[in-house]
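Residue-level structure breakdown
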Number of protein chains: 2
Amino acid sequence: MRLLPHPATEDIELTEVLRALSDPVRLQIAIRLALAGELNCTTAADDLGVHKSTASHHYRALREAGVVVTKQEGRLKYMSLRRADLDVRFPGLLDAILRSANRPSGRTASAHRAAAGGPEEQVAREQVTERADARA
Amino acid sequence: MRLLPHPATEDIELTEVLRALSDPVRLQIAIRLALAGELNCTTAADDLGVHKSTASHHYRALREAGVVVTKQEGRLKYMSLRRADLDVRFPGLLDAILRSANRPSGRTASAHRAAAGGPEEQVAREQVTERADARA
DNA sequence: CCTATAGTTGGATCGTTGTCAAACAATGAG
DNA sequence: CTCATTGTTTGACAACGATCCAACTATAGG
């Protein structure tokens, strides 16, 4: 069993963690790892609609940011979240992100209900008070 | 008083928030806003070593990601964090990030002590178990 | 009206990133 | 050894992003 190189806990940078998780594909991988504990590369990116080489780049991005560790067993590589390390370095951060990621994207259920009964495109409106036509 | 356009609370995307805060300059601006509550643009980016137009682009990035609101009063524009909105959308996320941002970057105090007494460059070592020369 | 202040916009540049495809490497199975 | 499986590397390319500079807009104050 081998571990691939990854940054020491103290070297994990907040901006790099945020950046790593700011990509939808990588965030999805992280979510799956959080649920499964450990996944091999093929499984982790399955049905994500990206080429395997693209996925491989994402694995590296996650690893170099300090978000995951990769260990090789036989011909498979397994990734897992560095939950403990991240919690030492940035207490509560990973949990907050994962919890946020499991929220409904876009409209809430109540907003959906309101939108269903009301006029269309009400949903796409922006929040602007006093002079909705304000220019930047 | 005018508010500049910004996304509705339900439209704030996690990946965009993470992306917005994954830039050191923008993260620093967010930290200052968290401390000061409200800052005008000049003050927010003061001593950050970026051109005022660069700063302006960052303001827009933060605003479009849903992290800040900007209101104009007279000839000044004031930014503030959308704490309440973000907490509705992603409970605990912003606090976790801001708390993480206030942690010491790089080595801990104890690691600094150890590094000061030991051989140099020990500090830059990576965590690799079993085969430190493992290739990716 | 003129000027100074505050901030935005647009162009140019330059590095980074996400993507795919094809070639490669390493491993386990037959 | 040969082959299929797993994943990485490399190259190419388009898109994006951070930055600076210059020009612009808008507002307040003489």
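Residues numbered from 1 in each chain as written. Chains lettered and ligands numbered in written order. Predicted model: local features only at pLDDT ≥ 70, side-chain atom pairs only at ≥ 80, totals over all residues. Heavy atoms only, no water.

**Here's the deal with the overall build of chain A**
Scanning chain A from terminus to terminus reveals seven helices and four strands. Shown N-terminal to C-terminal, the secondary structure of chain A runs as helices and strands in the order β-α-α-β-α-α-β-β-α-α-α. For chain A, the residues scored as buried account for 43% of the 136 residues in total. In chain A, 63% of the contacts between residues at least 6 apart in sequence involve partners at least 24 apart. Carbon and sulfur atoms make up 49% of the accessible area of chain A, which totals about 7400 Å². (Helix = DSSP H or I, 4+ residues; strand = E, 2+ residues; numbered from the N terminus. Buried < 20%, exposed > 50% of the residue type's maximum accessible area, 1.4 Å probe, protein only. Contact = heavy atoms within 4.5 Å. Areas by Shrake-Rupley, 256 points an atom, 1.4 Å probe, with all protein chains shown as cover.)

**Some thoughts on the protein's contact with DNA strand C**
Taken together, 25 residues surround DNA strand C, and among them R2, H51 and H58 of chain A together with T42 and S56 of chain B come closest. The sugar-phosphate portion of DNA strand C accounts for 68% of its atoms within 4 Å of the protein, the bases making up the rest. With respect to DNA strand C, the side chain of K52 of chain B contributes an N or O atom lying 2.7 Å from a base oxygen. With respect to DNA strand C, the side chain of R75 of chain B contributes an N or O atom lying 3.4 Å from a sugar or linking oxygen. (Near = heavy atom within 4 Å. Polar contact = N/O pair within 3.5 Å; in protein donor to acceptor, adjacent residues only side chain to side chain.)

**Focus: the confidence of the model for chain A**
Residue and element names in this part refer to chain A. Summing up the model confidence of chain A, the mean pLDDT is 83 and the portion of residues at 70 or higher is 76%. Confidence drops under pLDDT 50 across residues 108–125; counting only partners more than four residues distant or on other chains, this segment forms eight contacts. Predicted confidence is poor over residues 128–136, with pLDDT under 50, and the contacts of this stretch with residues over four places away or in other chains come to 13 contacts. (pLDDT = per-residue confidence, 0-100.)

**Comments concerning the protein's contact with DNA strand D**
Residues in close proximity to DNA strand D total 25 residues, the closest being T42, K52 and S56 of chain A together with S53 and H58 of chain B. In DNA strand D, atoms within 4 Å of the protein come 69% from sugar and phosphate. Within the side chain of S56 of chain A, an N or O atom sits 2.6 Å from a phosphate oxygen of DNA strand D. The separation between a base oxygen of DNA strand D and a polar side-chain atom of H57 of chain A is 3.5 Å. No other element matches the five residues that helix α4 (residues 52–65) of chain A contributes to the surface near DNA strand D. Of the residues in the surface near DNA strand D, the class split is five nonpolar, twelve polar and eight charged. (Nonpolar A, V, L, I, M, F, W, Y, C, P; charged D, E, K, R; others polar.)

**A short note on the pairing of strand β4 (residues 76–81) of chain A**
Residue and element names in this part refer to chain A. One ladder, built from two bridges, connects strand β2 (residues 39–40) with β4; its direction is antiparallel. By the bridge assignment for β4, L39 is matched with M79. Where strand β3 (residues 68–73) hands over to β4, the hairpin turn is made up of two residues, of which G74 adopts a positive phi near 65°. (Pairing = 2+ DSSP bridges.)

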